[in-house]
Amino acid sequence: MAIEVRIPTILRNFTGGERAVDAEGANVSQLIDNLEGNHQGLKERLLENDEVRRFINIYVNDEDIRFFGGLDAQVGDGDTVVILPAVAGGSL
Amino acid sequence: MLTIDQATHDAIVAHARRDHPDEACGVVAGAYGSDLATRHIPMLNAAMSPTFYEFDSGDLLRLYREMDERDEEPVIVYHSHTSTHAYPSRTDISLAQEPGAHYVLVSTRECGNGDGPFEFRSYRIVDGDVTEEQLRVVEAYTDVPRKPVVPPPPRAGGHTTATPTELEQ
């Protein structure tokens, strides 16, 4: 079962420069563990205290997982997962 | 150095003035590897705040997909400060995640919504290090020497022999 995961520029040093890699899992949590197995260090950049970091967005088939299950959001063969760091900042 | 055409520069300033006192934000995309900021995309500040900006997560996904389809990248990521200098804050620095982009800061603290003076500055922000860079405003990019075209990294399923270092350039 292969799920395509799109990697943002800033995290491509974990994937040997690849813009997208394949991973496996039944939900996003498992998918991230699977990614970590092949691309060590990636998980820490995505999660903090077992939650998705505030300024990291993860989408499954164009849906932000914050709005449907978070790390429990289900994924399956042929799904596309996109990881994008937030574009944010502030003057304080 | 950031080279930017006058029309894009003016459009960014106009956006910042319009959204004052909230922070305005957006991107100027350009062909991958060209370092030419050609397509201005004003973004909605989902935080609608005078002290914070954040692209809406759905808008963010659409933006990056569109750039991907056009073989573009974010050449400029800009936002405004409405009561402070045009210098990246600690928050700006810790959240900057596009090491290849020029981070443009516009301050509207003097002009507000009006035609008064503004600041327009450009920075590189890489791994928490901020470097201000020279700004050159040109009438058009026709006078700018073109960089050799670097093909973007391959899409899903593709293979590359390029090193990550080459891909970042």
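Structure shown above.
Just so you know, these numbers come straight off a predicted model, no measurement behind them.

Reading the values: the criteria
Residues numbered from 1 in each chain as written. Chains lettered and ligands numbered in written order. Predicted model: local features only at pLDDT ≥ 70, side-chain atom pairs only at ≥ 80, totals over all residues. Helix = DSSP H or I, 4+ residues; strand = E, 2+ residues; numbered from the N terminus. Rg over C-alpha atoms; globule rule 2.2 N^0.38 Å. Buried ≥ 20, exposed ≤ 12 C-beta atoms within 10 Å, placed from the backbone. Contact = placed C-beta atoms within 7 Å. Pairing = 2+ DSSP bridges. Core = buried A, V, L, I, M, F, W, Y, C linked by C-beta atoms within 7 Å.

## Digging into the overall build of chain A
Then, number 1: From N to C terminus, chain A includes two helices and eight strands.
Then, number 2: From first element to last, N terminus to C terminus, chain A shows the α and β order β-β-α-α-β-β-β-β-β-β.
Then, number 3: Over its C-alpha atoms chain A spans a radius of gyration of 13 Å, differing by no more than 12% from the 12 Å that the globule rule assigns to 92 residues.
Then, number 4: Overall, the C-alpha framework of chain A stretches about 45 × 30 × 25 Å when taken along its three principal axes.
Then, number 5: Counting all 92 residues of chain A, 36% fall into the buried class.
Then, number 6: For chain A, long-range pairs separated by at least 24 residues make up 48% of all intrachain contacts whose partners lie at least 6 apart in sequence.

## Looking at the pairing of strand 2 (residues 20–23) of chain A
Residue and element names in this part refer to chain A.
Then, number 1: Because side chains alternate across strand 2, one face comprises the buried residues Val 21 and Ala 23, and the other comprises Ala 20 and Asp 22, none of which is buried.
Then, number 2: In this sheet, strand 2 lies alongside strand 1 (residues 3–6) in antiparallel orientation, the contact comprising four bridges. Across the sheet, Glu 4 pairs through a bridge with Asp 22, a residue of strand 2.

## Observations concerning the nonpolar core
Then, number 1: Residues Val 81 of chain A together with Ile 76 and Val 106 of chain B are the most contacted members of the largest nonpolar core, which totals 57 residues.
Then, number 2: When neighbours within four sequence positions are excluded, Val 81 of chain A is seen to be in contact with Ile 3, Glu 4, Val 5, Arg 6, Leu 31, Ile 58, Tyr 59, Val 60 and Val 75 of chain A.

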